[in-house]
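# Descriptive structure summary
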Amino acid sequence: MEEITYHSTVEASGKRRWLYPLLRKGAFYKYRSIVSYVLLIFLFAAPFIKLNGHQFMMFNIIERKFILFGQVFWPQDFFIFVLAMLLVLISIVLFTIAFGRVFCGWICPQTIFLEMVFRKIEVWIEGEPLARKKLDEGEWNQDKIIKKTVKHFLFLLISFLISNTFLAYIIGSDNLISIMIEPIQLHWVGFISIWIFTFVFYLVFSQLRELVCIVACPYGRLQGVMLDKNSLVVAYNYIRGEPRGKLKKGDAESHLGDCVDCNLCVAVCPTGIDIRKGTQLECVNCTACIDACDSVMDKIHKPRKLIGFYSEEMIVNHHQPTFTLRMKAYSLIIVAMIAVLSYFLLSRKDVDVTLLRAGGMLYQEQPGGYISNLYNAELTNKTVYPMNIEIVPEDKNQKITWIQAAPKIEKESTVKVTFFVLLPEKSIHQRKTNVVLLVKQNDKIINKVKTNFLGPVN
Ligand code: SF4
Ligand code: SF4
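### Focus: the overall build of the chain
- A count of helices and strands for the chain gives 15 helices and 17 strands.
- The globule rule puts the C-alpha radius of gyration for 458 residues at 23 Å, and the 31 Å found for the chain is more than 25% above it.
- Within the chain, residue pairs in contact and separated by at least 24 positions form 66% of the contacts whose partners lie at least 6 positions apart.

Have a look at this one:
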């Protein structure tokens, strides 16, 4: 078995120790690769897919316009978007309580890009850990210059692709294509942003790497408060493994546990930790150590899963995973939030109306025995089609007089309109009368707005 030395991200002197994790393929690696490639395809394709005329996903913080699965969320819908984001957050918390930091190892784009893209390119160009270490420590000869140039050129190229995709999520793929095909003078800000993000991603994947997960990511730091002794995490079964020790020939009746102290689980760890020391903040649940240890167990003809998905209760008391009170509470919150979110989504209108009575005016007397109030309205067309809007009172005895023509609202835009609502004076019996206005398009009611009408008290 190959001799592997212990890794850590920090030297005794406090200087960073560069990690050279070994790549070992096993069952978990196979599943993780499939999940990663599906997510990578989705990540690169989503900004270029259109649904109902909208980009499939967009997070335009500049214009405060968000699109999820083809559904547009304008500033008026912001609470729905926040609710959806809260739902995602609580789901991640629930998932962490139940399965540890599995999000980090399997779904987080940082890990997927680092382990499934950048690390693979590095192994392809520079070789296995020992070769990579030798190359880094060796002098700058022709071989090193060529390998480093090719690697960093590819890193920069992929960072450029990620940067463009990232920007497509923010400003929209149509705007991104405009930046690409139109003269640069028209898009200085976009052009500079692409290169800033390119260098940020390049820095993250070529230099910072696991430090992002260990030092910068707040989610990793929260792990300690989310896990309990029932959480299923990647763990070393120390009851079975200890006391650890190297296998000696003819040592069939050894007093040792199943861990042969080969350090392979440490060598494959992308964050450089030794899982045998217990659950640690740095563990991203990538399962690389499970695959590595399984391969060792196969070789020494011992059962697999010396390292596996275990809770402390499973290791110590052989209890099966349970659905704890905390998990039940979070699940209940998630179900309630899904119900509220579904209600808001289903009751969303294509045209949003914000209606306000004009300030500083009470009412006006109009010819024909009518009393009028002046209103300002803001109409937002959330669709990708222009709309001709009509607003009429629900009560046939009431009337509307437009200050300007009835509005046509261009796609994804807002217009401000002003109009009088007229009520027959004899129908007014109190200072405030409730009025219902119907917003129509092609004679179809698409929204209903309630407002107050001020009149003279008889
Ligand atoms: S836990 Fe498994 S991989 Fe790790 S040192 Fe022990 S035998 Fe080797
Ligand atoms: S300890 Fe195992 S699961 Fe955790 S990060 Fe290291 S290799 Fe991945």
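### What to know about the environment of Lys 440
- If you trace the backbone, Lys 440 turns up in strand E16 (residues 432-441).
- Each C-alpha atom, one on Lys 440 and one on Val 351, is 9.6 Å from the other, the two residues being 89 residues apart in sequence.
- Dropping the residues within four chain positions of it, Lys 440 is found in contact with Glu 390, Val 392, Ile 445 and Ile 446.

### Regarding the confidence of the model for the chain
- Overall, the prediction assigns the chain a mean pLDDT of 88, with 97% of residues at 70 or greater.
- Here residues 1-7 is a poorly scored stretch, pLDDT under 50, and it has 13 contacts once near neighbours within four places are set aside; other chains count.

### Regarding the nonpolar core
- Counting 49 residues, the largest nonpolar core has Cys 265, Cys 289, Cys 293 and Ile 307 as its most contacted members.
- Two domains share this core, each providing at least three of its residues, namely domain 1 (27-73 + 108-208) and domain 2 (227-317).
- Setting aside anything within four residues of it in sequence, one finds Cys 289 in contact with Val 234, Cys 265, Val 268, Cys 269, Ile 275 and Ile 307.
- Core analysis: the next-biggest nonpolar cluster, separate from the first, contains 19 residues, Leu 355, Ala 377, Val 439 and Phe 453 among them.

### Here we look at the pairing of E16
- Here strand E12 (residues 390-393) runs beside E16; their pairing, made up of four bridges, is antiparallel. The partner of Val 392 across the bridge, within E16, is Leu 438.
- Between E16 and the antiparallel strand that follows it, strand E17 (residues 444-454), lie two residues; Asn 442 among them carries a positive phi value of about 50°.

### Here we look at the site of ligand 1
- The environment of ligand 1 is formed by 16 residues, the closest being Cys 259, Cys 262, Leu 264, Cys 265 and Cys 293.
- Listing elements by their share of the shell around ligand 1, those giving two or more residues are helix H12 (264-267) and helix H13 (288-299).
- The class makeup of the residues in the shell around ligand 1 is 11 nonpolar, two polar and three charged.

### What to know about helix H6 (residues 142-171)
- With 30 residues, H6 extends 43 Å between its outermost C-alpha atoms, agreeing within 8% with the 44 Å of an ideal straight helix rising 1.5 Å per residue.
- Listing the buried residues of H6 in full gives Phe 155, Ser 159, Ile 162, Ser 163, Phe 166, Leu 167, Ala 168 and Ile 171.
- Elements in contact with the buried residues of H6: strand E3 (57-60), helix H4 (109-126), helix H7 (173-181) and helix H8 (188-208).
- Gly 172, located one to two residues past H6, shows a positive phi value of around 100°.

### With respect to the site of ligand 2
- Taken together, 14 residues sit near ligand 2, with Cys 269, Ile 275, Cys 283, Cys 286 and Cys 289 positioned nearest.
- For the shell around ligand 2, the per-class residue count stands at 11 nonpolar, three polar and no charged.

### Overview of the sheet that holds E17
- The sheet built from three strands is open, its strands ordered E12-E16-E17 with antiparallel pairing. Looking along the sheet, the strands with just one partner apiece sit at the ends: E12 and E17. The mean inter-strand angle of the sheet, taken between neighbouring strand axes irrespective of direction, is 30°.
- The pairing of E16 with E17 spans 10 bridges and is antiparallel. Each bridged residue has a counterpart across the sheet, and for Val 436 the counterpart in E17 is Lys 450.

### Some points on the domain arrangement of the chain
- Under the domain assignment, the chain is made up of domain 1 (27-73 + 108-208), domain 2 (227-317) and domain 3 (351-454).
- Computed over C-alpha atoms only, the centres of domain 1 and domain 3 are separated by 49 Å.

### Observations regarding H4
- An ideal rise of 1.5 Å per residue puts 26 Å on 18 residues; H4 measures up with 24 Å between its terminal C-alpha atoms.
- Largest kink in H4: about 35°, centred on Arg 119.
- Among the residues of H4, Thr 111, Ile 112, Phe 113, Leu 114, Glu 115, Phe 118, Glu 122 and Glu 126 are the ones counted as buried.
- Those residues of H4 hidden inside the fold are in contact with helix H1 (27-45), helix H3 (102-106), helix H5 (129-137), H6 and H8.
- Looking one or two places after H4, you find Gly 127, whose phi comes out positive at around 95°.

Thresholds, definitions, all that
Residues numbered from 1 in each chain as written. Chains lettered and ligands numbered in written order. Predicted model: local features only at pLDDT ≥ 70, side-chain atom pairs only at ≥ 80, totals over all residues. Helix = DSSP H or I, 4+ residues; strand = E, 2+ residues; numbered from the N terminus. Rg over C-alpha atoms; globule rule 2.2 N^0.38 Å. Contact = placed C-beta atoms within 7 Å. pLDDT = per-residue confidence, 0-100. Core = buried A, V, L, I, M, F, W, Y, C linked by C-beta atoms within 7 Å. Buried ≥ 20, exposed ≤ 12 C-beta atoms within 10 Å, placed from the backbone. Domains from an automatic or database assignment. Pairing = 2+ DSSP bridges. Near = placed C-beta within 6 Å. Nonpolar A, V, L, I, M, F, W, Y, C, P; charged D, E, K, R; others polar. Expected span 1.5 Å × (residues − 1). Axes fitted to C-alpha atoms, helices over the stretch in contact; angles between N-to-C directions. Bend = angle between axes of the 7 residues up to and from the residue.

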